[in-house]
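Here are the chains, one letter per residue:
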Amino acid sequence: MDNTRFISFEGIDFCGKSTQVRLLIDALHERGIHAHLLREPGGTEISEKVREILLNKSHQAMHPRAEILLYSAARAQLVHEKLLPMLASGEYIIADRFFDSTTAYQGFGRGLDLSFVNQLNHFATSGLVPHKTFLLSISPEEAARRRKSAGRANDRLESEHISFYRQIEQGYRQLAEDFSGRFITIPGAGSVENIAGEIKRQVFKIWNLE
Ligand code: TMP
């Protein structure tokens, strides 16, 4: 499967990823490119239902093993129902999270065995890997500040302690180093406009849109 038109975005909660993804979709639209936005967990009817189970704050009893299987189930459905058929018909796809989230959150964050996590990721995606992955990097302290000032109700994962996010951010940094040909790290602490400009420049270059 040609993955060239598939780009993912990653980062800890409150890194600004969802805002940036939206701005990128708009910039592409202006250039005449209609990219599909797929969010994880979610993006299909079944996967959105799994998302509700995963993020429901009352599900405090969820075991990390159940958690990783649910994220993987949502992803398997998204990949096979939508992503692979879309790529096969030449569509452009921007994913707001993909399997690197599972490696960072369930592998590094929850401490599940990394070789098992990699195997499960491969199984759920039938081996599909994004062509490029943008990592929006902010410190867990900055994320905690943003969380506080956002003033909105935290979901189940957003309510986790800062040490959980330190492990995840460290995991992302490790992934960016291990897969340096795929990852593009963008410091997420700058202004929204500057970050959007940098992402747009890079994506237009990747897809030869200049
Ligand atoms: P979102 O807030 O970016 O929509 O993501 C939902 C939450 O789920 C976020 O806290 C990250 C977490 N997550 C995982 O723990 N593992 C995964 O595989 C994915 C896709 C998300």
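For the structure, check the block above.
Residues numbered from 1 in each chain as written. Predicted model: local features only at pLDDT ≥ 70, side-chain atom pairs only at ≥ 80, totals over all residues. Heavy atoms only, no water.

(A) Main features of the sheet that holds strand E3 (residues 93–96). If you trace the five strands from one edge of the open sheet to the other, you get E2-E3-E1-E4-E5, paired in parallel fashion. Every other strand in the sheet has two partners, leaving strand E2 (36–39) and strand E5 (183–187) as the edge strands with one partner each. Sheet twist, expressed as the mean angle between neighbouring strand axes with direction ignored, is 20 degrees. In this structure, strand E1 (residues 6–10) lies alongside E3, joined through four bridges in parallel fashion. (Pairing = 2+ DSSP bridges. Helix = DSSP H or I, 4+ residues; strand = E, 2+ residues; numbered from the N terminus. Axes fitted to C-alpha atoms, helices over the stretch in contact; angles between N-to-C directions.)

(B) Here's a closer look at the site of the ligand. Residues in contact with the ligand amount to 13 residues; listed here are only the nearest, Asp13, Tyr71, Arg97, Thr102 and Gln106. Within the side chain of Lys17, one N or O atom sits 3.1 Å away from an oxygen atom of the ligand. Side-chain polar atom of Tyr71 to an oxygen atom of the ligand: 2.8 Å apart, as the coordinates give it. Protein contacts shield 94% of the accessible area of the ligand, which totals 480 Å² for the unbound molecule. Those elements that place two or more of their residues in the shell around the ligand are helix H2 (45–55), helix H3 (64–88) and helix H4 (99–109). Looking at which element gives the most residues to the shell around the ligand, the answer is H4, with four residues. A breakdown of the residues in the shell around the ligand according to their chemical character gives four nonpolar, three polar and six charged. (Near = heavy atom within 4 Å. Polar contact = N/O pair within 3.5 Å; in protein donor to acceptor, adjacent residues only side chain to side chain. Areas by Shrake-Rupley, 256 points an atom, 1.4 Å probe, with all protein chains shown as cover. Nonpolar A, V, L, I, M, F, W, Y, C, P; charged D, E, K, R; others polar.)

(C) Structural view of the side chain of Arg97. Along the chain, Arg97 turns up in the loop between E3 and H4. Within polar-contact distance, the side chain of Arg97 engages the side chain of Ser101 at 3.0 Å. Not counting chain neighbours up to four residues away, the residues in contact with Arg97 comprise Phe9, Glu10, Gly11, Ile12, Asp13, Lys17, Glu40, Tyr105 and Tyr172. (Contact = heavy atoms within 4.5 Å.)

(D) View of the pairing of E1. Most of E1 sits inside the fold, with five of its five residues counted as buried. Residues of E1 alternate between two faces, with Phe6, Ser8 and Glu10 on one and Ile7 and Phe9 on the opposite face, all of them buried. Pairing geometry for E1 and strand E4 (residues 132–137), over four bridges, is parallel. When the bridges of E4 are listed, Phe9 appears paired with Phe134. (Buried < 20%, exposed > 50% of the residue type's maximum accessible area, 1.4 Å probe, protein only.)

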